[in-house]
Amino acid sequence: MSGNFFLIDTTRCIACRGCQIACKQWNKLPATKTEQYGSYQNPVELDGNTYRLVRFAEHPLKENDVVWYFFSDSCRHCLNPPCKSKADQILKDAITVTDFGAVIFTDKTSALRKNWKIIKHACPWSIPNWSEDKKMLTKCHMCHDRVEAGLLPACVKACPTDALMFGDEMNIKEIAARHLNAARKRFGDKARILDHNEVRALYLVVDDYEKYLASE
Ligand code: SF4
Ligand code: SF4
């Protein structure tokens, strides 16, 4: 293994949503129509035109205080992607992996229209979606076009706080170890990197993963 990795340090995220918008801009994705439903998270979920979504979760603390958790959610670019294993059973190489580890939904996924929910459910995080605009399965593709041109993924480039970082395995794992060390000093032993042996998107969290997904 080697290739490229993301680090998503949730302790540095200020929920500006620059990453979400930069992803939309680079990929020329239309806005998703939304409405106020009691949360700043917007849209409610990832969809065929939203490859990155900043999740907002609010939890009460003692003495009328609250803590906010922000989580810039997207494809983890799994080392052994279950979405690809499932898709290969139906149509070989509709999903491919680049030599630097980006998991790519190719144009061939347009033939998976009837089966797309099977692929979505194969993903542990339910990331894939069907795009009615593109008539194919969609999700983050690690900005492979930018990476091949020597550029950072659009989301990483836009992040003002280094909550999102990207680079080769050794570089990112070294930075992740430093960030984890700093997070443990501030937040204790709950600070950890999720699924660190299985994915190329290393999420540093300081509380139960479920708490990043929904408010209490
Ligand atoms: S996170 Fe989901 S969509 Fe992304 S590579 Fe892994 S299984 Fe596939
Ligand atoms: S751009 Fe960075 S700070 Fe802003 S929401 Fe995304 S991860 Fe958080």
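All values reported here derive from a predicted model rather than from experimental measurement.

## Considerations on unusual backbone geometry
- Pro43 follows Asn42 through a cis peptide bond whose omega is 0 degrees.
- With respect to the helices and strands, the residue Pro43 is situated in the loop between helix H1 (18-26) and strand S2 (53-60).
- Its identity is not glycine, yet Lys28 carries a phi of approximately 50 degrees, on the positive side.
- Mapping Lys28 onto the fold places it in the loop between H1 and S2.
- Phi at His77 is positive, roughly 50 degrees, even though this residue is not glycine.
- Positionally, His77 belongs in the loop between strand S3 (66-73) and helix H2 (82-90).

## Examining the packing of aromatic side chains
- Enumeration according to the criterion identifies ten aromatic pairs in this entry.
- Where Tyr40 meets Trp68, the ring centres are 6.1 Å apart and the plane angle is 45 degrees; that geometry is what we call tilted. One end of the pair, Tyr40, is in the loop between H1 and S2; the other, Trp68, is in strand S3, and 28 residues separate them in sequence.
- Exposure remark for Trp68: the relative accessible area of 33% places this residue in the partly exposed category.

## Describing the side chain of Thr138
- If you trace the backbone, Thr138 turns up in strand S7 (residues 136-138).
- On the accessibility criterion, Thr138 (4% relative accessible area) is buried.
- For Thr138, the side chain forms a polar contact with the main-chain oxygen of Gly48, separated by 3.0 Å.
- Apart from residues no more than four positions distant in its own chain, Thr138 is found in contact with Gly48, Tyr51, Phe105, Ile127, Pro128, Asn129 and Ser131.

## Digging into the site of ligand 1
- Cys75, Arg76, Cys78, Cys83 and Cys123 are the nearest of the 14 residues found near ligand 1.
- In terms of residue class, the shell around ligand 1 is made up of eleven nonpolar, one polar and two charged.

## Regarding the pairing of S2
- Within S2, six of the eight residues are buried, which leaves the element mostly enclosed by the surrounding structure.
- With eight bridges joining them, S2 and S3 adopt antiparallel strand pairing. The partner of His59 across the bridge, within S3, is Val67.

## A word on the nonpolar core
- With 52 residues, the main nonpolar core has Phe6, Leu7 and Leu202 as its most contacted residues.
- Excluding anything up to four places from it in sequence, Phe6 contacts Arg52, His77, Met142, Pro153, Cys155, Val156, Met165, Phe166, Ile172, Arg200, Ala201 and Leu202.
- Core analysis: the next-biggest nonpolar cluster, separate from the first, contains eleven residues, Cys83, Ala94, Phe105 and Trp130 among them.

## Some thoughts on the site of ligand 2
- Near ligand 2 lie 13 residues; those nearest to it are Cys13, Cys16, Arg17, Cys19 and Cys159.
- Split into classes, the residues belonging to the shell around ligand 2 amount to ten nonpolar, two polar and one charged.

## Considerations on the pattern of salt bridges
- Under the defined criterion, the tally for this structure stands at 14 salt bridges.
- Put simply, Arg113 and Glu132 hold a salt bridge, and the shortest N to O gap is 2.8 Å. Pair noted here: Arg113 is in the loop between strand S5 (103-105) and helix H3 (116-122) and Glu132 is in the loop between strand S6 (129-131) and S7, with a separation of 19 residues, a long-range link.
- We classify Glu132 as partly exposed; its relative accessible area is 38%.
- Shared partners join several salt bridges into a network, and the residues in it are Glu45, Arg55, Asp73 and Arg76.

## Quick notes on the environment of Leu91
- Turning to its location among the elements, Leu91 is positioned in the loop between H2 and strand S4 (95-97).
- What makes Leu91 partly exposed here is its relative accessible area of 26%.
- Leave out the neighbours within four places in its chain, and Leu91 touches Lys108, Ala111 and Leu112.

Rules of the game
Throughout, residues of each chain are indexed from 1 in the direction in which the sequence is written. Chains carry letters and ligands carry numbers; both start at the beginning, A for chains and 1 for ligands, and go up in the order they are written. Reporting in this predicted model follows two pLDDT cut-offs: at least 70 for local features of residues, and 80 or more for side-chain atom pairs to be given and counted; totals over whole chains, interfaces and linings ignore these cut-offs and use all residues. Heavy atoms throughout the structure, all of them, feed into the side-chain values; hydrogens and water do not. By the criteria applied, helices consist of DSSP H or I runs no shorter than four residues and strands consist of E runs no shorter than two, each listed in order from the N terminus. Note on aromatic contacts: the rings of Phe and Tyr and the six-membered ring of Trp form a pair at centre separations within 6.5 Å, being stacked when their planes are under 30 degrees apart, edge-to-face when over 60 apart, and tilted otherwise. Note on classification: 1.4 Å probe, protein chains only; a residue is buried when its accessible area is under 20% of the maximum for its type, exposed when over 50%, partly exposed between these limits. Polar contact is defined as a pair of N or O atoms within 3.5 Å, subject to the rule that within protein one atom must be able to donate a hydrogen and the other to accept it, and that residues adjacent in sequence are counted only when both atoms are side-chain atoms. When checking whether two residues touch, look at their non-hydrogen atoms; a contact exists if any pair is within 4.5 Å. Residues are labelled near a given molecule or strand when at least one of their non-hydrogen atoms is within 4 Å of it. Each residue is assigned to one of three groups, with Ala, Val, Leu, Ile, Met, Phe, Trp, Tyr, Cys and Pro labelled nonpolar, Asp, Glu, Lys and Arg labelled charged, and all others, Gly among them, labelled polar. By definition, two strands form a pair when at least two bridges between them are found by DSSP. In plain words, nonpolar cores are sets of buried Ala, Val, Leu, Ile, Met, Phe, Trp, Tyr and Cys residues tied together by side-chain atoms within 4.5 Å. Salt bridge, as used here: a side-chain nitrogen of Lys or Arg that lies within 4 Å of a carboxyl oxygen of Asp or Glu.

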